[in-house]
Amino acid sequence: MFGIPVPRYACVNREVPYQELDYFVEEDDFVEVHGNRFCKPLVEKPVNGDDHRIMIYYPSSAGGGMKELFRKVGNRSSEFHPEVRRVRREGSYIYEEFMPTGGTDVKVYTVGPEYAHAEARKSPVVDGVVMRNPDGKEVRYPVLLTPVEKQMAREVCIAFRQAVCGFDLLRCEGRSYVCDVNGWSFVKNSYKYYDDAACVLRKIFLDAKAPHLSSTIPPTLPWKVNEPVQPSEGLTRQGSGLIGTFGQSEELRSVIAIIRHGDRTPKQKVKFKVTEEKLLNLMLKYNGGRPRSETKLKSAVQLQDLLDATRALVPRTRPGRGSDSEAEDFEHAEKLRQVKAVLEEGGHFSGIYRKVQLKPLKWVMVPKSNGEGEEERPVEALMVLKYGGVLTHAGRKQAEELGRYFRNNIYPGEGTGLLRLHSTYRHDLKIYSSDEGRVQMSAAAFAKGLLDLEGQLTPILVSLVSKDSSMLDGLANASIEIKEAKARLNDVIISGSKTLHNSGSAEKPWMVDGAGLPPNASELLPKLVKLTKRVTEQVKLLAKDEDEELAETSSYDVIPPYDQAKALGKTNIDVDRIAAGLPCGSEGFLLMFARWRKLERDLYNERKDRYDITQIPDVYDSCKYDRLHNSHLNLEGLGELFEFAQLLADGVIPNEYGINPKQKLKIGSKIARRLLGKILIDLRNTREEALSVADLKSCEDHHSAVNKTGSDPKLNARSEDLRKSSFTSVKSTDQDDDEDKETKYRLDPKYANVRTPERHVRTRLYFTSESHIHSLMNVLRYCNLDESLHGEASLVCDNALDRLFKTKELDYMSYIVLRMFENTEVALEDPKKFRIEMTFSRGADLSPLEKNDKDAASWHQEHTVPIMGPERLQEVGSYLTWENMEKMIHPFAMPAEDFPPPSIPQGFSGYFSKSAAVLERLANLWPFHKYGNTNGK
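Residues numbered from 1 in each chain as written. Predicted model: local features only at pLDDT ≥ 70, side-chain atom pairs only at ≥ 80, totals over all residues. Heavy atoms only, no water.

### Points about the overall build of the protein chain
Phase 1: Broken down by element type, the protein chain carries 26 helices and 30 strands.
Phase 2: Evaluated residue by residue, the protein chain yields a buried proportion of 53% over its 937 residues.
Phase 3: A sequence separation of at least 24 residues applies to 73% of the contacts in the protein chain between residues at least 6 apart. (Helix = DSSP H or I, 4+ residues; strand = E, 2+ residues; numbered from the N terminus. Buried < 20%, exposed > 50% of the residue type's maximum accessible area, 1.4 Å probe, protein only. Contact = heavy atoms within 4.5 Å.)

### A word on the sheet that holds strand S8 (residues 66-73)
Phase 1: Taken together, six strands build an open sheet; the order of strands is S2-S10-S6-S7-S8-S9 and the sheet is antiparallel. Either end of the sheet is taken by a strand with one partner, and the two such strands are strand S2 (9-12) and strand S9 (76-81). For this sheet the average axis-to-axis angle between neighbouring strands, irrespective of direction, equals 25°.
Phase 2: Where S8 lies against S9, five bridges are found, and the strand directions are antiparallel. Within S9, the position partnered with Val73 by the bridge is Arg76. (Pairing = 2+ DSSP bridges. Axes fitted to C-alpha atoms, helices over the stretch in contact; angles between N-to-C directions.)

### Examining the sheet that holds strand S4 (residues 30-33)
Phase 1: Spatially, the three strands line up as an open sheet ordered S3-S4-S5, and their pairing is antiparallel. On the outer flanks of this sheet lie strand S3 (24-26) and strand S5 (36-39), each paired with one strand and no other. On average, each strand axis in the sheet is tilted by 15° relative to the strand beside it, whichever way the strands run.

### A few points about the pattern of salt bridges
Phase 1: Evaluation of the coordinates by the stated rule reveals 57 salt bridges.
Phase 2: Among the salt bridges present, the one from Glu97 reaches Arg8, with a minimum N-O distance of 3.3 Å. With Glu97 in strand S10 (residues 93-97) and Arg8 in the loop between strand S1 (5-7) and S2, this residue pair connects regions lying 89 residues apart in the sequence.
Phase 3: Residue classification places Glu97 among the buried positions, given a relative accessible area of 10%.
Phase 4: With a relative accessible area of 22%, Arg8 lands in the partly exposed category.
Phase 5: Here Lys624 and Asp811 are joined by a salt bridge, their closest N and O atoms 3.1 Å apart. Residue Lys624 is found in helix H17 (residues 616-629), and its partner Asp811 is found in the loop between helix H23 (798-807) and strand S26 (815-823); the two are separated by 187 residues along the sequence. (Salt bridge = Lys/Arg side-chain N within 4 Å of Asp/Glu carboxyl O.)

### Digging into the confidence of the model for the protein chain
Phase 1: Per-residue pLDDT for the protein chain has a mean of 81; in total, 78% of the residues score no lower than 70.
Phase 2: Note that pLDDT drops below 50 for residues 227-240; the model gives that stretch 32 contacts with residues more than four away or on any other chain.
Phase 3: Scored below 50 in pLDDT, residues 925-937 makes 20 contacts in the model with residues more than four places away or belonging to other chains. (pLDDT = per-residue confidence, 0-100.)

### Brief notes about the packing of aromatic side chains
Ring pairs (aromatic) are described by centroid distance and by the angle formed between their planes.
Phase 1: This model, assessed by the stated rule, comprises 11 aromatic pairs.
Phase 2: With 5.1 Å between their ring centres and 5° between their planes, Tyr432 and Tyr766 make a pair best called stacked. On the criterion of sequence distance, the pair formed by Tyr432 in strand S21 (residues 427-433) and Tyr766 in strand S25 (residues 761-768) is long-range, its members being 334 residues apart.
Phase 3: Judged by relative accessible area, which is 8%, Tyr432 ranks as buried. (Phe/Tyr/Trp six-rings, centres within 6.5 Å; stacked < 30°, edge-to-face > 60°.)

### Notes on a nonpolar patch on the surface
Phase 1: A cluster of nonpolar side chains, Trp184, Phe186 and Tyr194, forms an exposed patch at the surface whose accessible area comes to about 320 Å².
Phase 2: Structurally, the position occupied by Tyr194 is in helix H2 (residues 191-209).
Phase 3: With relative accessibility at 41%, the residue Tyr194 sits in the partly exposed group. (Patch = residues over 30% accessible without salt bridge, like charges linked within 9 Å, V, L, I, M, F, W, Y side chains within 5 Å. Areas by Shrake-Rupley, 256 points an atom, 1.4 Å probe, with all protein chains shown as cover.)

### Regarding the packing of helix H9 (residues 437-450) against helix H10 (residues 457-464)
Phase 1: Running from amino to carboxyl end, H9 crosses H10 at an angle of 95°, the nearest separation of the two axes being 9 Å. Comparing the axis directions of H9 and H10 gives the class roughly perpendicular. Along the contact surface, H9 presents Gln440, Met441, Ala444, Ala445, Ala447 and Lys448, while H10 presents Leu457, Ile460, Leu461 and Leu464.
Phase 2: Across the contact of H9 with H10, the residue classes break down as eight nonpolar, one polar and one charged. (Parallel < 35°, antiparallel > 145°, perpendicular 65-115°, else oblique. Nonpolar A, V, L, I, M, F, W, Y, C, P; charged D, E, K, R; others polar.)

### Section: the environment of Val301
Phase 1: In this fold, Val301 is placed in helix H5 (residues 300-313).
Phase 2: The exposure class assigned to Val301 is partly exposed, which follows from its relative accessible area of 38%.
Phase 3: Taking the C-alpha atoms as reference points, Val301 and Glu27, separated by 274 residues in sequence, lie 8.1 Å from one another.

### Observations concerning the pairing of strand S17 (residues 267-274)
Phase 1: Of the two faces of S17, only one is covered, namely that formed by Gln268, Val270, Phe272 and Val274; the face formed by Lys267, Lys269, Lys271 and Lys273 stays uncovered.
Phase 2: Here eight bridges tie S17 to strand S20 (residues 374-388), and the two strands are oriented antiparallel to one another. If you follow Val270 over to S20, its bridge partner there is Leu385.

### Things to note about the packing of H17 against helix H18 (residues 638-655)
Phase 1: Remark: H17 packs on H18, axes separated minimally by 8 Å, with the N-to-C direction vectors making an angle of 140°. Classed by the angle they form, the pair H17 and H18 counts as oblique. Pair H17 / H18 crosses with left-handed handedness. Residues Ile616, Pro617, Val619, Tyr620, Cys623, Lys624, Asp626 and Arg627 of H17 lie in contact with H18, whose contacting residues are Leu638, Leu641, Phe642, Ala645, Gln646, Leu648, Ala649, Val652 and Ile653.
Phase 2: Broken down by class, the residue content of the contact of H17 with H18 amounts to 13 nonpolar, one polar and three charged. (Left-handed = near helix turned anticlockwise from the far one by under 90°.)

### Some points on unusual backbone geometry
Working note: non-glycine residues mostly have negative phi, and peptide bonds are mostly trans.
Phase 1: Going from Lys40 to Pro41, the amide bond is cis rather than trans, its omega being 5°.
Phase 2: Within the fold, Pro41 resides in the loop between S5 and strand S6 (42-46).
Phase 3: Not every positive phi belongs to a glycine, and Tyr18 is a case in point at roughly 65°.
Phase 4: Among the structural elements, Tyr18 can be located in the loop between S2 and S3.
Phase 5: Positive phi outside glycine occurs at Glu173, with the angle close to 55°.

What follows is the structure in structure tokens.
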């Protein structure tokens, strides 16, 4: 009837505890029941209805672990257990795939089939903390049901033959699902519910005994007709004040932020050819026995198999390196030893941090095992191990603190405004992340600070963060242009020439081709190589025979292995490792040496006497990481190396995305095209919604003025219908937008105990990597250079362009914020009805580490640095209208019609063709049938 997909589920029945069942299979990230696979995150519910302990198991890609849901105890409704990764086996359970609901549940209460009251609360799956009011009651707010949800309530009421009935709704991906029917249940603390129930009961009595009066008495309680309207909340603000003040008549309507991930470990790659039988057999085991197919190893089982094979292959003593063949054997053994060390670090395997690719290169024909003919078999393969790039404790702390900063400074209400909006369901929040683990965890940590949540990041990540790799990942669309820009940069720096075309001026240095490149870049390269070798030699001494000798020292006897999974929610350093003189985090000296040795070799090829300038950003990243996290190792020359690397990186990194403004615009528009399209959709939806609410309020004000002279029941009813239809239509309009299939919660404006129920703020947060931040910024500042916009001024003022040119690096947690304000005093058709404010932050700032004061000592001790505050991108007093913003960005954004239609959530199959019939079958299981029809008694 509604076309709603049915969530898949499976039941595992055990006659005795811990009974082994041949139809039940459990792997690291999924369970299979009768061949039906349920991937984590998944929900485990006891078959026994009296057992309320429901478990949610999380995938290793989100850090793993389990959250236990239970009936409220004090202020807790759930607990997270990071070490639990296996499902229960002591009883019978139902398995379902987890449904993300944006961190909110909906409770619905019927009084007969024609009435349903709904309240929303914070879901226990987020942080398990129960929000309570001063009276100790759980905080809930009435919300409006959609027409489909109202029909669901009617059919639940009829199917279960329960007039007074309560049930739970989950809203997921724009659809609603009934997850629990409680039977006789009613609202504990709501004037609205009891007022409405009185009206419903009155109508039932009148229909039965005085039907001639039923249609003439107004559907409002007599003592409620002339009740005074509550005054509006004084929460209007002019914004941050960064670009001037525009009067008290402005209301914040939307916040859109694009944020880079937090501080991370250096990204690493090991690449070498293997011929060992154990590794080739492992490749065949996981690629289905296909000799020419590559294999990707990411799961815990796969990586454990690889670790077992590598341990057997690593020689116990290092070979000599006299001849060329001995040197090759030595190099091969060192890489195997590095693979072993990478796989052994961290305490738990997690595909979000490590992945291995085995690609066959050579084959031979060998006799089949059954002696019938021949078959192909690989004899050589390329192994590629990628690891690192993990969000550090500093990165988690930075993201959480930035979330708190947004909560206290970006929204009105002096710090409490956002939480007030969010708790009363007037804050429409959606958080997106790319597929990279460091980006996802940055988003989760930010959400924790923004919404004042508690506990570990894994449940927050799964509940509140949506992955969208197509919008926030990858450089494939501009790979050719980026390759050309890097090749051109390499030629210019290596040759030391000034052959770049100068299209700028002294007044606008950012318009110069290759802007930011140091004039003596070619002279700095030999110094960079020399200092890199100097640091590498020191780390080599620290790493000498680490796997054999350091394992016997007291340090490793006392210090347990670094547990990366347990560290996901921590924002403090491992002081024991630091005190023991070990590297920060999970990296040992062996891996630290492998990192620096690779940088040294990749930066300068001695045999070919050739520099590779694309390695400069990696050298800079390693310097920055060790300077912040491993300063206690006292590596000589690291500070000087950092200065040279930073000087070169400041010129190289921005120019990798285009060596002149027009090329930057071209590359930026290709990388950020989808993101730009989504931002325009966000702004457009905000504008349409605000106009709808403003039009509604205007109508209500008019009706209110009319009613002062005489109350017309029909007019009152029409006004109420208009209010409800408007609030629900906003939701249905957004649902119909293929590009914006997001769960919406609407506060019911009646009895909500909120003075401005129409006040509503839309927040969209996009967490991504450096490439998308640079690309988006390049489009914003250079969009006017496009031929279609000839003669238009830049969206970014000259003063901000100069500051951006001098900033160069958009470091960890850098961000761009667009805020839309509505002027509530001007006409709906006025072009200045909506104003957009643009700000940016260059993110983490390393300069405080240079100072010799208490703050610097504190930053060093905590292994973190502050995040810089926002800076304006517009002139003070300037007014950027929505129409001008759309005109300037539209040529580079993906059109709304090109966004794919909403897809059915993974794990859902089939549809309710006749939902009432389905409910009738479910109702047959209802216990009241044993005692006859109670009909709500």
